[in-house]
Amino acid sequence: MKAAEMFKVEGYGAIVTGGASGLGLAFTEVLAEHGARVTVFDLDQQRIDSEVQRLSALGYDVSGMRVDVTDRADMHDAFAQVHATYGRLDVVFANAGIDSGPGFVTLDRTQRVSEGAIENYEDARWNKVIETNLNSVFTTVKAAARYMKPQRSGRIIITTSAAALLIESGVGAAYMAAKAGVAHFMRTMAQELARYQVTVNAIAPGPFITNIGGGHAFRPEVQEAFGATVPLGRMASTEEIKGLALLLASPASSFITGAQISIDGGATLGQLFEQG
Ligand SMILES: NC(=O)c1ccc[n+]([C@@H]2O[C@H](COP(=O)([O-])OP(=O)(O)OC[C@H]3O[C@@H](n4cnc5c(N)ncnc54)[C@H](O)[C@@H]3O)[C@@H](O)[C@H]2O)c1
């Protein structure tokens, strides 16, 4: 098979949660650019409207629905609507996620942060992160499986994080727990759904410049702090995730399931003490 065939997603029906911004928007774009029909589920109506309008004007088949991924009933209704429209469901990106506030040290790891200390960690913050970053993935995969199993095909791709593999001490503890939980849930689902030819994989990004956490990644000092944790020495642009996303969504990845693929400039290789 030639590369153009291997990476073909033309005519696919796809859902991207959190698809109106950041990494999810990049997933939406790369699928749409290659001829898939994509529905974005997102909380942010303004961003849905502007991105759907922009991508539709480019001739792509992109729609949007305001869906809160933590609302289980709404999620199942939204999946049913998309399936009724496309008559198929080939690719689902379980991507929506939120930041969890400060960790127990500052991003540059030089000072302790009282708000992130375990004895002060707010229950509401813990619950919201677990609900959005872990429980919603359960809901998304459950809804996807209902359509993909009978179809005997499908690709489920979950956004985890470098935080599923190592501790990012400058990021709140709930985020570590959620992402590590999602990674192992992904492996369970890969095993369960394999006999139905549904693959389940995870993309584990290192630091990308997106709107997460109120867009703090656009601040130079944040880029410097995260860049210092990456052997390639910088944060990434969302364009850089498109190739891996297309690989996992397309026939090119037909024998990949249960894999968590890092895309992090080497951030999870271990600590690097290098000067100059
Ligand atoms: N940016 C990074 O460096 C990075 C690194 C590792 C993992 N991630 C993960 O990537 C995923 C995408 O994050 P991003 O960085 O692109 O952030 P982002 O804020 O740019 O995009 C996230 C999108 O998800 C939507 N969203 C949030 N809560 C939602 C909900 N309850 N229901 C529906 N939509 C909701 C937001 O409205 C937003 O459009 C997240 O799971 C995040 O944890 C990001």
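Further up the page is the structure itself.
Position labels on residues start from 1 in each chain and follow its written sequence. Only residues with pLDDT of at least 70 get local features here, since the model is predicted, and only at 80 or more are side-chain atom pairs given and counted; chain-wide, interface and lining totals rely on the full set of residues. The side-chain figures draw on all heavy atoms in the structure; neither hydrogens nor water molecules are used.

K.L.:
Now, about helix H3 (residues 45-57): what can you tell me, with residues and values included?
P.N.:
Because each turn of an α-helix spans 3.6 residues, side chains separated by three or four positions end up pointing in the same direction. Under the 1.5 Å per step criterion, the end-to-end length of H3 is 18 Å for 13 residues, consistent within 8% with the ideal 18 Å. Those residues of H3 that fall on the buried side of the exposure criterion are Ile48, Glu51, Val52 and Leu55. Axial view of H3: buried residues confined to an arc of 100°, hence all on one face. Exposed side chains of H3 directed beyond 90 degrees from the buried face belong to Gln46, Gln53 and Ala57. Contacts were defined at the residue level, with two residues in contact if any of their heavy atoms lie within 4.5 Å. To qualify as a helix, a DSSP run of H or I must reach at least 4 residues; to qualify as a strand, a run of E must reach at least 2; elements of each kind are numbered from the N terminus. Elements in contact with the buried residues of H3: helix H2 (22-33), strand S2 (37-42) and strand S3 (61-66). Think of a polar contact as two N or O atoms within 3.5 Å of one another; within protein, one of them needs to be a possible hydrogen donor and the other a possible acceptor, and neighboring residues in sequence only count if both atoms come from side chains. Residue Asp44 occupies the N-cap position of H3, its side-chain oxygen lying 3.2 Å from the main-chain nitrogen of Gln46. Every helix has an expected span of 1.5 Å times one less than the residues it contains. When accessible area is computed with a 1.4 Å probe and restricted to protein chains, residues below 20% of their type maximum are described as buried, those above 50% as exposed, and intermediate ones as partly exposed. As used here, the arc is the angular range of directions from the helix axis to the C-beta atoms.

K.L.:
Could you give an account of the sheet that holds S3, with specific residues and numbers?
P.N.:
At least two DSSP bridges between two strands are needed for those strands to be called paired. With parallel pairing, the 7 strands of this open sheet are ordered in space as S3-S2-S1-S4-S5-S6-S7. The open sheet terminates on both sides in strands that have one partner only, identified here as S3 and strand S7 (260-263). Between one strand and the next, the sheet's axes are offset by a mean angle of 20°, whatever the strand orientation. Sheet topology note: the strand S6 (residues 198-205)/S7 ladder contains 4 bridges and is parallel. Counterpart to Pro205 in the pairing with S7 is Ile263. Every axis in this analysis is a line fitted to C-alpha atoms, fitted for helices over the stretch in contact. Angles between the N-to-C directions lie between 0 and 180 degrees. Sheet strands touched by H2: strand S1 (13-17), S2, S3, strand S4 (91-94), strand S5 (154-159) and S6. Its angle to S1, the strand with the most contacts, is close to 165°. Sitting on the sheet, helix H6 (residues 173-193) is in contact with S5, S6 and S7, with an inclination near 160° to S6.

K.L.:
Any details on the site of the ligand? Residues and values, ideally.
P.N.:
Neighbouring residues of the ligand: 27 residues in total, closest Ser21, Asp42, Asn95, Tyr175 and Thr210. Ser21 places a polar side-chain atom, nitrogen or oxygen, 2.6 Å from an oxygen atom of the ligand. Elements represented by at least two residues in the shell around the ligand include exactly H2 and H6. A per-class count over the shell around the ligand returns 11 nonpolar, 12 polar and 4 charged. By convention in these notes, a residue is near a molecule or strand provided one of its non-hydrogen atoms lies within 4 Å of it. Gly is put with the polar residues, along with every residue not named as nonpolar or charged; the nonpolar set is Ala, Val, Leu, Ile, Met, Phe, Trp, Tyr, Cys and Pro, and the charged set is Asp, Glu, Lys and Arg.

K.L.:
Please set out the environment of Val91 residue by residue, giving values where relevant.
P.N.:
Positionally, Val91 belongs in strand S4. Placed 65 residues apart in sequence, Val91 and Ile156 show a C-alpha to C-alpha distance of 5.9 Å. Here Val91 is in contact with Tyr12, Gly13, Ala14, Ile15, Leu31, Met148, Arg155, Ile157 and Ala249, once residues within four sequence places are set aside.

K.L.:
Got a sec to walk through the packing of helix H4 (residues 72-86) against helix H5 (residues 123-151)? Specific residues and values, please.
P.N.:
Two numbers describe how H4 lies on H5: the axes approach to 10 Å, and their chain directions differ by 35°. In the packing of H4 onto H5, the handedness of the crossing is right-handed. Across from Arg72, Met75, His76, Phe79, Ala80 and His83 in H4, the residues of H5 making contact are Glu131, Asn135, Phe138, Thr139, Thr140, Lys142, Ala143, Ala144, Arg146 and Tyr147. Of the residues belonging to the contact of H4 with H5, the class tally is 7 nonpolar, 5 polar and 4 charged. Two helices crossing with the near one rotated counterclockwise from the far one by less than a right angle form a left-handed crossing, whereas a clockwise rotation gives a right-handed crossing.

K.L.:
Tell me what's going on with the packing of H5 against H6, and back it up with residues and numbers.
P.N.:
The interhelical angle for the contact between H5 and H6, taken along N-to-C directions, is 15°, at an axis separation of 8 Å. Relative to H6, the element H5 lies roughly parallel. Considering only the axes of H5 and H6, their crossing is right-handed. Touching Trp126, Val129, Ile130, Asn133, Leu134, Val137, Phe138, Val141, Ala145 and Lys149 of H5 are Ala173, Ala174, Tyr175, Ala177, Ala178, Lys179, Gly181, Val182, Phe185, Met189 and Leu193, all from H6. Counted by class, the contact of H5 with H6 contains 17 nonpolar, 2 polar and 2 charged residues. Oblique is the label for any angle not under 35 degrees, not over 145, and not in the 65 to 115 range, which are roughly parallel, roughly antiparallel and roughly perpendicular in turn.

K.L.:
Break down the side chain of Glu168 for me, citing the residues and quoting the values.
P.N.:
Along the chain, Glu168 turns up in the loop between S5 and H6. We treat Lys and Arg as the positive residues and Asp and Glu as the negative residues; His and chain ends play no part in the count. Salt bridges are identified by distance alone: a Lys or Arg side-chain nitrogen within 4 Å of an Asp or Glu carboxyl oxygen. Buried Glu168, no salt bridge; nearest opposite-charge side chain is Arg109, N-O distance 6.2 Å. Beyond its immediate stretch of four places on either side in the chain, Glu168 contacts Arg109, Ser161, Ala162, Ala163 and Met176.

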